[in-house]
Amino acid sequence: MSIGTSSRYAERLFQAQQNLSPIPPITSEGAEITMETAYAIQLHNVERRLAAGDRVVGHKIGLTSKPMQAMLGVDEPDFGHLFASMQYQSGDTVDYPLIQPRVEPELAFLLQDDLIGPNVSVQDVLRATRYVLPAIEIIDSRIADWRIQLADTIADNASLGCFVLGDAVRAPEEVNLTTIGGVLRVNGAIVQTGAGGAVMGHPAAAVAWLANKLSSLGTELKAGEVILSGAISAAVTVQPGDRVSLSFGPLGKVDLMMKA
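Source: prediction; values computed, not measured.

Rules behind the numbers
Residues numbered from 1 in each chain as written. Predicted model: local features only at pLDDT ≥ 70, side-chain atom pairs only at ≥ 80, totals over all residues. Heavy atoms only, no water. Core = buried A, V, L, I, M, F, W, Y, C linked by side-chain atoms within 4.5 Å. Buried < 20%, exposed > 50% of the residue type's maximum accessible area, 1.4 Å probe, protein only. Helix = DSSP H or I, 4+ residues; strand = E, 2+ residues; numbered from the N terminus. Contact = heavy atoms within 4.5 Å. UniProt positions renumbered as here; feature names shortened; annotations may be inferred. Salt bridge = Lys/Arg side-chain N within 4 Å of Asp/Glu carboxyl O. Pairing = 2+ DSSP bridges. 1 Å grid on protein atoms, 1.4 Å probe; cavity = no way out; pocket = protein on both sides within 12 Å on 5 of 7 lines; lining within 4 Å. Points joined across faces, edges and corners; volume = space filled by probe spheres on them. Nonpolar A, V, L, I, M, F, W, Y, C, P; charged D, E, K, R; others polar.

(A) Region of interest: the nonpolar core. If you look at the biggest cluster of nonpolar residues, it comprises 80 residues, and the most contacted ones within it are Val94, Phe109, Leu115, Ile136, Ile138 and Leu221. Of the residues forming this core, the biggest block, eight residues, is contributed by helix H6 (residues 203–216). With near-sequence residues (within four places) excluded, Leu115 lies in contact with Val120, Asp124, Val125, Ala128, Val207, Ala211, Glu220 and Leu221.

(B) Quick peek at the UniProt feature "domain: Fumarylacetoacetase-like C-terminal" (unreviewed entry) in the protein chain. The positions that UniProt labels "domain: Fumarylacetoacetase-like C-terminal" (unreviewed entry) are, in the present scheme, residues 67–254. The straight-line gap between the two end C-alpha atoms of residues 67–254 is 26 Å; of that span, 18% is helix and 35% is strand.

(C) Spotlight on the pattern of salt bridges. Tallied over the entire structure, the rule returns ten salt bridges. A salt bridge links Arg127 to Asp124; the nearest nitrogen and oxygen atoms lie 2.5 Å apart. Of this pair, Arg127 and Asp124 both sit in helix H4 (residues 122–128), separated by three residues, roughly a single helical turn. In this structure, the salt-bridge partner of Glu174 is Arg170, at a minimum N-O distance of 2.6 Å. Since its relative accessible area comes to 47%, Glu174 is described here as partly exposed.

(D) Region of the structure containing the pairing of strand E8 (residues 181–186). Of the two faces of E8, the one lined by Gly182, Leu184 and Val186 is fully buried and the one lined by Gly181, Val183 and Arg185 carries no buried residue. Bridge count for E8 against strand E9 (residues 189–195) is six bridges, and the pairing is antiparallel. If you follow Gly182 over to E9, its bridge partner there is Gly194. Where E8 folds back on E9, the antiparallel hairpin that results is connected by two residues, among which Asn187 adopts a positive phi of roughly 55°.

(E) Broad picture of the side chain of Ser229. With respect to the element layout, Ser229 can be found in strand E10 (residues 226–231). What makes Ser229 buried here is its relative accessible area of 1%. Setting aside its immediate chain neighbours within four residues, Ser229 contacts Ile61, Thr64, Glu106, Leu107, Phe109, Val199, Pro203, Ala206 and Val207.

(F) Local environment of the layout of surface pockets. Taken as a whole, the largest pocket holds about 520 Å³ of empty space. Along the walls of the largest pocket sit 27 residues, with Leu63, Met68, Glu104, Ile139 and Ala235 positioned nearest its centre. Among the secondary structure elements, those contributing two or more residues to the lining of the largest pocket are strand E1 (56–62), helix H3 (66–72), strand E5 (102–111), strand E6 (129–139) and E10. For the lining of the largest pocket, a count of residues per class yields 14 nonpolar, seven polar and six charged. Reported here for the second largest pocket is a volume of approximately 360 Å³. Every residue lining the second largest pocket is counted, 20 residues in all, and those nearest its centre are Phe14, Gln17, Asn45, Arg49 and Met86. Contributing elements (two or more residues each) for the lining of the second largest pocket: helix H1 (3–19) and helix H2 (35–51). Per-element tally for the lining of the second largest pocket: the top contributor is H2, with five residues. Split into classes, the residues belonging to the lining of the second largest pocket amount to ten nonpolar, five polar and five charged.

So this is what it looks like as structure tokens:
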């Protein structure tokens, strides 16, 4: 697939976001789109955001669970880019322009050191992490009705909408990141529960995967970046005006309200 073709797909995804009008899956048009091409499409729109003055503040990791990988026929996660314009803090009303949002409970890692692959391990990630904190990722899709294949979600910045970070932070050695549990509520009702170990056995394993994946692409994770390590449970659809909360026990909580 040519650079011109990938840029046209990127333009379609960009316009879908601008107009809040989803498009058919890009994989439905007959041309085979490889993972490499899908990431190239993603990077077109990353560069477009940067040129407009936005700033990359980290990365998200998706497809970290075996069921999700099986559903899309893959054996590894994917990733997208977090931008400053997407970041909210606990207690905020989320007014980001969204099309068909769903919420996911996650653990976020704030790096104090660069993570340079290859061969980054879980222990390397923990040493490079200043804080771990609860986070809610609000995923979204520019693809109509979430009819996504792997290439669709990668091209669409790993189906990222925006994200909300908790206010409390803990050093990674202060908690057991595999057994710590999260409870997600929407309008006060429990809708999902999960534990850190649902993310590749250890959420730091997902961060290690990302560091090594980026190394193969000629880049690296930087100190100061926020890494969303992947969902500990299934995603839940939310509506305007919904109140969402995530409690992660000793790690604290995240509260948000979707703009009505």
